[in-house]
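Observations on the three-dimensional arrangement
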Amino acid sequence: MDRAKVLIIVGFVVGGVLATLTSNRVGGNVAADDGVSGRAAAFPVVINTWSSNGFQSAGAKAWRVLQEEKGSALDAVEKGCTVCEKLQCDGTVGFGGSPDERGETTLDAMIMDGVTMNIGAVSDLRGIPDAISVARKVLDYTAHTMLAGNQATKFAVKMGFKEQSLSTNKSLAIWQEWEKNKCQPNFWRNVSPDPTKHCGPYKAMDNINKEDALRSSNEIDSQNHDTIGMIAIDSKGLIAAGTSTNGARHKIPGRVGDSPIPGAGAYADQDVGGAAATGDGDVMMRFLPSFLAVEEMRNGRTPKEAGEIAIRRITAKYPSFQGAMVVLRKDGQYAAVCHGLPGGKFPYTLANSSTKHATVKYVNCL
């Protein structure tokens, strides 16, 4: 066979392969049907942490924004997380949950645009229940990334939000019971009197136990897992991520966890994908796991591999770490990863063109 005929045959074969690959694309985008198979499933996609007591409803709302309303990924994240705030998901999101040492509920939230890398965040927000929406205002109407504390409250009022108490009879009862239980558990260490047996006021001790510094925080479970983290890709293939939380129960006043910290609680990059974390925020924010997972995907890792690398980076230093992540690649392939959670499993919520509604899935912990 002469060289010309060989080139013609090769051309037909390559052309056929390219045609087959093109026919499997929907709007130029390929998304995974599940976290492993990689079968084609068109956008949009939304994934969020946890499932029960409102978390699935949050995913369902975000899915409706994307699928029925043809809204943006930013809108889906904001409105989805808002549902959790209003439903007080497991008492860990929104008003009336996780009272601090003074009995006050404060809120943290962030939202990130993966296209512009713009971020809006609020931390230690007081008196305003709509944390994720205030964060959206920071994103849309300021050149800042984060506003904090009472000044964040004043900003929210300027933006039209109404100030109100975030405490409820339930949250105050939780706080009162905690005080009766000699303020156990708490987040103090290297102080006297012994914080494992007594309430404060505390005095700093000269001798610092460095081994104790590697201890993870209070146990994470269905009532103390800090946050909803959500990632969405809209019908245009644009990506956004966000979080909302009322923080750790019985935290020292002023504490801010990982949720509003870019790269810790959540992160999104249009060129790669996004990630969102949940669990022991005091530990996670030291490692920026959401940023790391996105960077690992940038380097060619699958979402599952990227999430595992991010979690293992933490557990190498904190073996007792409790937490989880959801990871979403820009083509729609996803994964969830967890470590140390009670029961050894992590439930999360997914909606895409294959599930057709917000569906609860589970992953075994590392």
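Just so it is clear, the model here is predicted, and its values are computed rather than measured.

1. Quick look at the sheet that holds strand S14 (residues 359-364)
- In space, the eight strands of this open sheet follow the order S4-S3-S2-S8-S7-S1-S13-S14, with mixed pairing throughout. The open sheet is flanked by strand S4 (146-148) and S14, the only strands paired with a single partner. Averaged over all neighbouring strand pairs, the angle between strand axes comes to 15 degrees, with direction disregarded.
- As paired elements, strand S1 (residues 45-49) and strand S7 (residues 228-233) share four bridges and run antiparallel to each other. Within S7, the residue paired with Val 46 across the bridge is Ala 232.

2. Here's the deal with helix H8 (residues 289-298)
- The buried fraction of H8 is high, at eight of 10 residues.
- For H8, every residue scored as buried is listed here: Pro 289, Ser 290, Leu 292, Ala 293, Val 294, Glu 295, Glu 296 and Met 297.
- Gly 300, located one to two residues past H8, shows a positive phi value of around 100 degrees.

3. Quick look at the UniProt feature "active site" (unreviewed entry) in the chain
- What UniProt calls "active site" (unreviewed entry) maps, in this numbering, to Thr 227.
- Within the element layout of this structure, Thr 227 appears in the loop between strand S6 (203-204) and S7.
- Aside from chain neighbours lying at most four places away, what touches Thr 227 is Thr 49, Trp 50, Phe 55, Thr 92, Val 93, Thr 243, Ser 244, Thr 245, Ser 259, Ala 277 and Thr 278.
- Among the polar contacts made by the side chain of Thr 227, one reaches the main-chain carbonyl oxygen of Ser 244 at a distance of 3.3 Å.

4. Focus on the sheet that holds strand S11 (residues 323-329)
- The strand order S9-S10-S11-S12 describes an open sheet built from four strands, whose pairing is antiparallel. Every interior strand has two partners, whereas the edge strands, strand S9 (266-269) and strand S12 (334-339), have only one. Mean inter-strand twist for the sheet, computed between neighbouring axes without regard to direction, equals 10 degrees.
- In terms of strand pairing, S9 meets strand S10 (residues 273-279) through four bridges, oriented antiparallel. Note that in S10 the partner of Tyr 267 across the bridge is Ala 275.
- Taken strand by strand, H8 contacts S9, S10 and S11, and its axis lies near 145 degrees from that of S10.
- The strands touched by helix H9 (residues 303-315) within the sheet are S11 and S12, with S12 carrying the most contacts at an inclination of about 20 degrees.

5. Here's the deal with the packing of aromatic side chains
- Applying the stated criterion to the full structure yields five aromatic pairs.
- Plain terms: the ring middles of Tyr 267 and Phe 291 are 5.2 Å apart, the flat faces sit at 85 degrees to each other, and that makes the pair edge-to-face. Here the residue Tyr 267 occupies a position in strand S9, and Phe 291 occupies one in helix H8, the gap between them amounting to 24 residues.
- Note on Tyr 267: relative accessible area 13%, which makes it buried.
- Arranged with centres 6.0 Å apart and planes meeting at 90 degrees, the rings of Phe 287 and Tyr 318 form a pair that is edge-to-face. Placement of the pair is Phe 287 in the loop between helix H7 (281-284) and H8 and Tyr 318 in the loop between H9 and S11, with a sequence separation of 31 residues.

6. Examining the state of the cysteines
- Summed over the entire model, instances satisfying the criterion amount to three disulfides.
- Disulfide partner of Cys 84: Cys 89, at an S-S distance of 2.1 Å. One quick way to see it: the torsion about the S-S bond of Cys 84 and Cys 89 is about -105 degrees, and its sign makes the bridge left-handed. Across the pair, exposure class does not vary: Cys 84 and Cys 89 are buried alike.
- Shown here for the chain is a disulfide pattern of 1-2, 3-4, 5-6, where each number marks a bonded cysteine counted in sequence order.
- Here Cys 81 stays unpaired: no disulfide links it, and the sulfur of Cys 84, its closest cysteine neighbor, is 7.0 Å away.

The rules behind the values
- Residues numbered from 1 in each chain as written.
- Predicted model: local features only at pLDDT ≥ 70, side-chain atom pairs only at ≥ 80, totals over all residues.
- Heavy atoms only, no water.
- Pairing = 2+ DSSP bridges.
- Helix = DSSP H or I, 4+ residues; strand = E, 2+ residues; numbered from the N terminus.
- Axes fitted to C-alpha atoms, helices over the stretch in contact; angles between N-to-C directions.
- Buried < 20%, exposed > 50% of the residue type's maximum accessible area, 1.4 Å probe, protein only.
- UniProt positions renumbered as here; feature names shortened; annotations may be inferred.
- Contact = heavy atoms within 4.5 Å.
- Polar contact = N/O pair within 3.5 Å; in protein donor to acceptor, adjacent residues only side chain to side chain.
- Phe/Tyr/Trp six-rings, centres within 6.5 Å; stacked < 30°, edge-to-face > 60°.
- Disulfide = S-S within 2.5 Å.

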